[in-house]
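Structural features, examined
What follows is the residue order along each chain.
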Amino acid sequence: MPRYAAIDIGSNSIRMAAAEVLPGAPMRVLASERVVTRLGEGVFRNGLLSQESLELTCSVLARMAQQYQKLEVVGVRAVATSAVRDSRNQAEFVERASQAIGAPVEIVSGREESRLIHLGVQARWPHPNRSVLIVDIGGGSAELIASEHGQMRDSFSKPLGAVRLREIFLPDDPPQAGQLHQMHEYIEEKLAGIANRFGKGHWDRVIATSATASAVVCAVNRIPRTKREQADRMRASAREVRRLYKKLSVLDLADRRNAIGIGPKRAEIIVPGVSVLLRVLEDFRLPGLYYSAAGVRDGIIADLHARGVGRELAQLSRDQRREVEQMSRRYGVALPHARKVAGLAHVLFTDLQPLHQLPPHFGKLLEAAAYLHDAGHFVADSNHHKHSYYLVNNSDMPGFTNRERELIANLCRYHRKSMPTPMHSNWQSLNAEDKRVVLFLIPLLRLADNLDVSHEERIESLSCHIRDGQVVLQLGSAADVSLEQWAAERSGEAFRQVYNRPVVTQKAGADSARA
């Protein structure tokens, strides 16, 4: 399963997550950490990231990078938001932060931040058929997002983060009434008109994300901060939020820290955070909100997976592809067919990764075998699969190790006819791990080869879906592909033997399938 890492460098805290992603299933979190750094405090006072906070941030980033690097992630993205967007020394920060994690750190716009938040919510708590208002109160900014049928329709990013508001308006503790009034007027001014643009009263659900929303829902439901994961998808009514704000706004820091669900760090900035949430509820005339633990990190991981980041690890490099194509020409292989089989094999390998769970680099060997499986015709048509094994295993293949060459040769050997048996000396020469790899790849190569059995490249697109205990191959083509369906059905027996699942082929747009 592909593994990705995400880092969200916010104005109040840094969040890191590394996760495995399975198509159609919730991501499995492998590592997660959140550290409060208050990066935005200096920015909101004088426009500069302080050297102290910069040093702390880089130290935290380096430690987080060590965590996900041990997990062999195939893709990582680190983003910085409001505080760094507003800082005059952002170039220095980006350079040092990038060095700390050994990967680029990018400053994202409020619009991109909103998009990632939306992706994160939809990944963890999908609402494909509903109208959803998403509210995220960060340290430096607040994002309001309108979602329709799982798609982001509109968004606003406003400078209404909890750290920013505390720094600008609430120097005293507890805050004075005049300070609270000035803050309320500022929040009202920044939110003016958004409710009318988004539309009032039509939201199927309101979802609030971020630590402010978590603290609010924990507080009104009397959930201790040590058990805050229980707050995910729980509700707080507008009346409860209003009551909580009135209570917290008159307490000093010590008493706020004693409030159930708030936490010692969050207590420092909870008043402005709740004030923004309450104003949104009032402006939109909303009865309440739900909390979601999703955020930018989840959105980054979902986005990396959707864009196929890391799939290139399963494909031949330019030099490797040049080598196998030269070998194909040397042995008279029909290159159009070989390229088509290689492309189909790559789709099968990546889409069916949840079944075989092989590391990405084995996809390269499958692709190489797709190019060379017919090389044996150069010797004789009869038993050409055995001849293919001999030619590949005894060829010089720059760009491949001896072990890789042997695995490719074995895949060529078993692209047709019998499956491996203890009687085959080439099979017996493999160690247990290599046998497992070859065994999982053989059915994929056979399927790919048979999906172009006519050598006419009729299959224009292929997608694979795992559902109801079977594997469905969706074939896109304007031509008649009944021969390809029949051939895939015939080769599906090897797939059933290895994966214990039947293969179903279906032409895109067709109502019937062949099994």
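This next bit is on the packing of aromatic side chains. Applying the stated criterion across every chain yields a total of 9 aromatic pairs. Look at Phe 156 and Phe 198: their rings are 5.6 Å apart centre to centre, the planes differ by 50°, and that puts the pair in the tilted class. With Phe 156 in strand E8 (residues 151-158) and Phe 198 in helix H8 (residues 194-198), the pair connects residues that are 42 residues apart, well separated along the chain. Between Tyr 331 and Phe 378, the ring centres sit 5.5 Å apart and the planes meet at 65°, which makes this aromatic pair edge-to-face. Highlighted residues: Tyr 331 in the loop between helix H14 (318-330) and helix H15 (335-351) and Phe 378 in the loop between helix H17 (362-372) and helix H18 (384-393), separated in sequence by 47 residues. Under the relative-accessibility criterion, Tyr 331 is labelled buried at 11%. Ring-pair connections join several aromatic residues into one group, and the members of that group are Phe 156, Phe 198, Trp 203 and Phe 284.

What follows concerns the side chain of Arg 15. Checked against the element boundaries, Arg 15 lands in strand E2 (residues 13-20). Of the side chains with opposite charge, Asp 8 lies nearest to the buried Arg 15, which makes no salt bridge, at 4.2 Å. Among the polar contacts made by the side chain of Arg 15, one reaches the side chain of Ser 13 at a distance of 3.2 Å. In this view, Arg 15 contacts Ala 6, Ile 7, Asp 8, Glu 33, Arg 34, Ala 211 and Arg 297; residues no more than four positions away in its chain are not counted.

As a further point, take the nonpolar core. One finds Leu 348, Leu 372, Ile 408, Leu 441, Leu 444, Leu 473 and Phe 495 to be the most contacted residues of the largest nonpolar core, which totals 63 residues. At 9 residues, helix H21 (residues 432-450) tops the list of elements feeding residues into this core. In contact with Leu 441, not counting residues within four places along its chain, are Phe 349, Leu 358, Phe 362, Leu 366 and Leu 411. Grouped together as the second largest cluster of nonpolar side chains are 53 residues, Leu 191, Val 206, Ala 208 and Tyr 245 included.

Criteria and thresholds
Residues numbered from 1 in each chain as written. Predicted model: local features only at pLDDT ≥ 70, side-chain atom pairs only at ≥ 80, totals over all residues. Heavy atoms only, no water. Phe/Tyr/Trp six-rings, centres within 6.5 Å; stacked < 30°, edge-to-face > 60°. Helix = DSSP H or I, 4+ residues; strand = E, 2+ residues; numbered from the N terminus. Buried < 20%, exposed > 50% of the residue type's maximum accessible area, 1.4 Å probe, protein only. Lys, Arg positive; Asp, Glu negative; His and termini not counted. Salt bridge = Lys/Arg side-chain N within 4 Å of Asp/Glu carboxyl O. Polar contact = N/O pair within 3.5 Å; in protein donor to acceptor, adjacent residues only side chain to side chain. Contact = heavy atoms within 4.5 Å. Core = buried A, V, L, I, M, F, W, Y, C linked by side-chain atoms within 4.5 Å.

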